[in-house]
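Residue-level structure breakdown
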2 protein chains.
Amino acid sequence: MAQMADKGETFPATVENRGGTGRIVLCCEHASNHFPAGWGDLGLSAEQRLAHIAWDPGALALSRRLSASLKAPLVHAPVSRLIYDLNRPPFSAGAMPARSEIHDVPGNATISAQERAARMRAIYLPFHTALHDLLAERMALGLDPVLVTVHSFTPLYFGKRREVEFGVIHDDDPSLARAIVKAAASTGLRTGLNEPYSAGDGVTHTLKLQATPYGLPHAMLEIRNDLIHDDQSVARMAELLTPVLNMGLAEIQRQAKAS
Amino acid sequence: MAQMADKGETFPATVENRGGTGRIVLCCEHASNHFPAGWGDLGLSAEQRLAHIAWDPGALALSRRLSASLKAPLVHAPVSRLIYDLNRPPFSAGAMPARSEIHDVPGNATISAQERAARMRAIYLPFHTALHDLLAERMALGLDPVLVTVHSFTPLYFGKRREVEFGVIHDDDPSLARAIVKAAASTGLRTGLNEPYSAGDGVTHTLKLQATPYGLPHAMLEIRNDLIHDDQSVARMAELLTPVLNMGLAEIQRQAKAS
């Protein structure tokens, strides 16, 4: 179980709207609940494979709407985070978790170093290389890219209700996250800075790897998944967040000019 | 001038001793003074192309000796830093400098955004992807890699004599650099922490990109190039630095166990 059928197969990131002319580059690491044949279902039920442990429900649909409204390229994951969590480094147990929230993941119970490296090569490297290539191209062209990652979180976690609706998380540079939180005041969404997690919880790997080394402004958006559960609610959330992100961007541009 | 002959050509990093069993991974970003035909000589004289502005003289020869003595994989640059400086980000003027120390670089005087992006794609991306792949593989296998970059510096800079002989520079985590400086006391080398430059001078891009996001211990070694000017002096320096690096590594391993 949990061995790749074809050891050399790779799962490239999907890149949409590559030529988008906005400054924001969107990234959705938990877009997919696809379980490729080589790894099978990791011993999970169909219901578990639809749950938040396998992916971030609603995050890809929202990312696609924001990609259109913000003219933003979008890089998203081709497989479930339970095969390899793209927002975790290769040495992290959480990259291929044996347990997620209240669920055991049988196919991840024992993973050899070789299998860990094989998944990393098949999924992690192609994804982060694609995102890095895209950001580096824009940096070289003088387009000053900004990285925004899009996630969703479960309303009920370990049996506890989460009241926050929209979380904005940052790594080393808080400027864009703070500007987004400020701009979100007009939406009526219960918004929190560094909620429901923060960098200290190890959830900012993509920001740390792709934005912080270059000093790129960045933010990780977390939307409670009951607010993006169907087309209509996703469309409504995209309508709410598009001006919020544009205002956040305008604010950091204003700050950059003033400094 | 300074246009690529073949727009699609890439210049892969050279990787030696890939299977080296040590924890240290060596990187030599300024290994080469090769000027590929597509860019020509950038308008520089033969003498200028041999000088420290084009590469770090002695650094590759020293890196190769250390690679053997430390059983360390070595990733090194295929072209001159004046075509693309691999230790600078794509938006940096210093990645393709129009002037270096007291020398104008005519072929870099005016570079279009497209040419900047072409050089970045041809040289920067293949190099940093190769280094990232190698480090990520070792992380996934649980081999706890440590990144050490090897540079040389000129004894005379803007007409001023530099007294330091061996500099050890760090990015976010000073532990390995401090341990190396301490271990170097026995060598008699005039050694300085964060000399002749420091992270604040923007010289730690490779460490920032490849080590810091993963929390990998790291150090950038700077050796005064008059001390590694021929085979004999390089061999002598490798003999001096091999135990210093091993002691530095042992010290951070001791600290990690104690914490």
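Residues numbered from 1 in each chain as written. Chains lettered and ligands numbered in written order. Predicted model: local features only at pLDDT ≥ 70, side-chain atom pairs only at ≥ 80, totals over all residues. Heavy atoms only, no water.

An unreviewed UniProt entry lists chain A under the name N-formylglutamate amidohydrolase, with Neogemmobacter tilapiae given as the organism.

Notes on the overall build of chain A
Check the secondary structure of chain A and you find six helices and eleven strands. The C-alpha atoms of chain A give 18 Å as radius of gyration, which agrees with the globular expectation for 259 residues (18 Å, within 12%). Overall size of chain A, expressed as C-alpha extent along the three principal axes, is 55 × 45 × 30 Å. Taking all 259 residues of chain A together, 59% fall into the buried category. Contacts in chain A between residues at least 24 apart in sequence constitute 80% of all its contacts with a sequence separation of at least 6. Accessible area of chain A: about 10,200 Å², with a carbon and sulfur share of 53%. Treating the 25 positive side-chain charges of chain A as one cloud and the 27 negative ones as another, the clouds have centres 3 Å apart. (Helix = DSSP H or I, 4+ residues; strand = E, 2+ residues; numbered from the N terminus. Rg over C-alpha atoms; globule rule 2.2 N^0.38 Å. Buried < 20%, exposed > 50% of the residue type's maximum accessible area, 1.4 Å probe, protein only. Contact = heavy atoms within 4.5 Å. Areas by Shrake-Rupley, 256 points an atom, 1.4 Å probe, with all protein chains shown as cover. Lys, Arg positive; Asp, Glu negative; His and termini not counted. Charge placed at Lys NZ, Arg CZ, Asp CG, Glu CD.)

Describing the sheet that holds strand 3 (residues 74–76) of chain B
Residue and element names in this part refer to chain B. Spatially, seven strands are ordered 1-3-2-6-11-9-10 in an open sheet, and the strand pairing comes out mixed. Edge positions in the sheet fall to strand 1 (14–16) and strand 10 (191–193), since each has one partner strand and no second. Strand-to-strand twist in this sheet, taken as the mean axis angle between neighbours without regard to direction, amounts to 20 degrees. Judged from the four bridges that link them, strand 2 (residues 24–28) and strand 6 (residues 146–153) form a sheet pairing that is parallel. Along strand 6, the bridge assignment pairs Val25 with Leu147. Along the sheet, helix 2 (residues 59–70) makes contact with strand 1, strand 2, strand 3, strand 6 and strand 11 (218–224), crossing strand 2 at roughly 170 degrees. Helix-sheet contacts for helix 3 (residues 113–140) involve strand 1, strand 2, strand 3 and strand 6, and the interaxial angle to strand 2 is about 175 degrees. (Pairing = 2+ DSSP bridges. Axes fitted to C-alpha atoms, helices over the stretch in contact; angles between N-to-C directions.)

Concerning the side chain of Ser233(A)
Residue and element names in this part refer to chain A. Take Ser233: it is sitting in helix 6 (residues 231–258). By relative accessible area, which is 14% here, Ser233 ends up buried. From its side chain, Ser233 meets the backbone nitrogen of His229 in a polar contact 3.0 Å long. Residues in contact with Ser233, not counting those within four places in the same chain, are Leu227 and Ile228. (Polar contact = N/O pair within 3.5 Å; in protein donor to acceptor, adjacent residues only side chain to side chain.)

Focus: the pairing of strand 11 (residues 218–224) of chain A
Every other side chain in a regular strand lies on the same face of the sheet, so the side chains alternate between the two faces. Residues and elements named next belong to chain A. Across the seven residues of strand 11, seven count as buried, placing the element largely inside the fold. Burial of the side chains of strand 11 extends over both faces: His218, Met220, Glu222 and Arg224 are buried on one face and Ala219, Leu221 and Ile223 on the other. As defined by bridge partners, strand 6 (residues 146–153) adjoins strand 11 across seven bridges and the pair is classed as parallel. The partner of His151 across the bridge, within strand 11, is Glu222. Of the pairings in the sheet, the one linking strand 9 (residues 166–169) to strand 11 comprises four bridges and is antiparallel in character. Among the inter-strand pairings, Val168 is bridged to a residue of strand 11, identified as Leu221.

What to know about the relation of the copies chain B and chain A
With an RMSD of 0.0 Å, the operation that places chain B on chain A is a rotation of 180 degrees combined with a shift of 0.0 Å along the axis. In short, the pair behaves as if placed about a two-fold rotation axis. (Least-squares fit on C-alpha atoms with pLDDT ≥ 70 in both.)

Digging into the packing of helix 3 (residues 113–140) of chain A against helix 3 of chain B
At a minimum axis distance of 9 Å, the contact between helix 3 of chain A and helix 3 of chain B shows a crossing angle of 160 degrees. Put simply, helix 3 of chain A runs roughly antiparallel to helix 3 of chain B. The way helix 3 of chain A lies across helix 3 of chain B gives a crossing that is right-handed. Its residues assigned to classes, the contact of helix 3 of chain A with helix 3 of chain B comprises 14 nonpolar, four polar and eight charged. (Parallel < 35°, antiparallel > 145°, perpendicular 65-115°, else oblique. Left-handed = near helix turned anticlockwise from the far one by under 90°. Nonpolar A, V, L, I, M, F, W, Y, C, P; charged D, E, K, R; others polar.)

Re the sheet that holds strand 11 of chain A
All names here are of chain A. Here we have seven strands laid out as an open sheet, ordered 1-3-2-6-11-9-10, and mixed in their pairing. At either end of the open sheet lies a strand with only one pairing partner, and these are strand 1 (14–16) and strand 10 (191–193). Geometrically, the sheet is characterised by an average inter-axis angle of 20 degrees between neighbouring strands, direction not taken into account. In terms of strand pairing, strand 9 meets strand 10 through three bridges, oriented parallel. Looking at strand 10, one finds that Val168 is bridged to Leu193. Here helix 4 (residues 175–183) sits on the sheet and contacts strand 6, strand 9, strand 10 and strand 11; the angle it forms with strand 11, its principal contact strand, is near 40 degrees. Strand contacts of helix 6: strand 2 (24–28), strand 6, strand 9 and strand 11, with the helix running at about 160 degrees to strand 11, the strand carrying the most contacts.

Considering the interface of chain B and chain A
With 24 residues of chain B at the interface, the matching set in chain A holds 24 residues. Between chain B and chain A lies a buried interface of about 2,200 Å² when both sides are counted; carbon and sulfur atoms form 69% of it. The set of elements that each furnish at least two residues to the side of chain B that touches chain A consists of helix 3 and helix 5 (205–210) of chain B. If one sorts the elements of the side of chain B that touches chain A by residue count, helix 3 of chain B sits on top with 15 residues. (Buried area = accessible area lost by both parts, 1.4 Å probe.)

Structural notes on the pairing of strand 6 of chain A
When you tally the buried positions in strand 6 of chain A, you get eight out of eight residues, the bulk of the element. Both faces of strand 6 of chain A are covered, namely the face carrying Val146(A), Val148(A), Val150(A) and Ser152(A) and the face carrying Leu147(A), Thr149(A), His151(A) and Phe153(A).

Some details on the pattern of salt bridges
Summed over the entire model, instances satisfying the criterion amount to 22 salt bridges over all chains. Of the charged contacts in the structure, one is a salt bridge between Arg81(B) and Asp56(B), with a shortest N-O distance of 3.1 Å. Separated by 25 residues along the polypeptide, Arg81(B) in the loop between strand 3 and strand 4 (99–100) and Asp56(B) in the loop between helix 1 (46–50) and helix 2 bring together distant segments of the chain. Each of Asp56(A), Arg81(A) and Asp85(A) takes part in salt bridges that share partners, so that together they form one network. (Salt bridge = Lys/Arg side-chain N within 4 Å of Asp/Glu carboxyl O.)

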